[in-house]
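The lines below spell out each chain.
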Amino acid sequence: DWVWNTLDLAIVGSGIMDMWVLTLVCYLAGVQQRHNKLLTLMRMTRLLRLMRLLRQLKQVQQLYDLSIALLQATEALGWMLILFACFMYAVSIMCTHLIGHSLGIPSDTLKLLYEEVEDQ
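Rules used throughout
- Residues numbered from 1 in each chain as written.
- Predicted model: local features only at pLDDT ≥ 70, side-chain atom pairs only at ≥ 80, totals over all residues.
- Heavy atoms only, no water.
- Helix = DSSP H or I, 4+ residues; strand = E, 2+ residues; numbered from the N terminus.
- Buried < 20%, exposed > 50% of the residue type's maximum accessible area, 1.4 Å probe, protein only.
- Contact = heavy atoms within 4.5 Å.
- Areas by Shrake-Rupley, 256 points an atom, 1.4 Å probe, with all protein chains shown as cover.
- Axes fitted to C-alpha atoms, helices over the stretch in contact; angles between N-to-C directions.
- Parallel < 35°, antiparallel > 145°, perpendicular 65-115°, else oblique.
- Left-handed = near helix turned anticlockwise from the far one by under 90°.
- Nonpolar A, V, L, I, M, F, W, Y, C, P; charged D, E, K, R; others polar.
- Patch = residues over 30% accessible without salt bridge, like charges linked within 9 Å, V, L, I, M, F, W, Y side chains within 5 Å.
- Salt bridge = Lys/Arg side-chain N within 4 Å of Asp/Glu carboxyl O.
- Expected span 1.5 Å × (residues − 1).
- Bend = angle between axes of the 7 residues up to and from the residue.

### Re the overall build of the chain
Scanning the chain from N- to C-terminus turns up 6 helices and 0 strands. Each helix and strand of the chain, placed in order from N terminus to C terminus, yields the pattern α-α-α-α-α-α. Expressed as a percentage of its 120 residues, the buried residues of the chain come to 8%. Looking at the chain alone, contacts between residues at least 24 apart form 49% of all its contacts between residues at least 6 apart. Summed over its atoms, the accessible surface of the chain is roughly 10700 Å², and 70% of this surface lies on carbon and sulfur atoms.

So, in structure tokens, the structure goes:
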């Protein structure tokens, strides 16, 4: 549990450093605060606060089970995305051959439907 407390201390310390100390130093020195890599890194460590949620999830069994179920569902959603992409690829090839190469619709019908496009 001391690891989580150390992480919390580091996150809060970097927030205090960014918000109060550096602002005060820059104000007293009359310098505008620049965005350097260290400040960006300190601001990104605030995102680690979300890691504390993992600690809370293990304490409540229903939330832990729900999070595990969501992680398992992402695999199925990934496969559904791949299947959908293959389907869209097949439909686009079919539409290209039927409409683009005038295999399914007579060309004079296409000219009547899309005569504004041909004029431009």
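Okay, back to it.
### A short note on the packing of helix H1 (residues 2-29) against helix H3 (residues 51-59)
Relative to each other, H1 and H3 sit at 150°, their axes nearing to 11 Å. The pairing of H1 with H3 is recorded here as roughly antiparallel in orientation. When the axes of H1 and H3 are compared, the crossing they make is left-handed. For the pair formed by H1 and H3, the contact residues are Trp-4, Asn-5, Leu-7 and Asp-8 on the first element and Met-51, Arg-52 and Arg-55 on the second. Residues that form the contact of H1 with H3 fall into these classes: 3 nonpolar, 1 polar and 3 charged.

### Re a nonpolar patch on the surface
A cluster of nonpolar residues, Val-12, Ile-16, Met-17, Met-19, Trp-20, Val-21 and Val-25, forms a patch on the protein surface that exposes about 680 Å² of accessible area. Following the sequence through the fold, Val-25 ends up in helix H1. Residue Val-25 is classed as partly exposed on the basis of its relative accessible area, which comes to 47%.

### Description of the packing of H3 against helix H4 (residues 61-100)
The contact between H3 and H4 brings their axes to 5 Å, and the two run at 115°. Residues Leu-57, Lys-58 and Gln-59 of H3 touch H4, and the partners they reach there are Gln-61, Leu-63, Tyr-64 and Ser-67. Of the residues that constitute the contact of H3 with H4, the class distribution is 3 nonpolar, 3 polar and 1 charged.

### A word on H1
Between the first and last C-alpha of H1 there are 38 Å, a value that for 28 residues agrees with the 40 Å anticipated at 1.5 Å per step. The axis of H1 is deflected most strongly, by about 35°, at Met-17. For H1, the complete set of buried residues consists of Asp-8, Ile-11, Ser-14, Gly-15, Asp-18 and Cys-26.

These results come straight from atomic positions and should not be treated as a statement about function.
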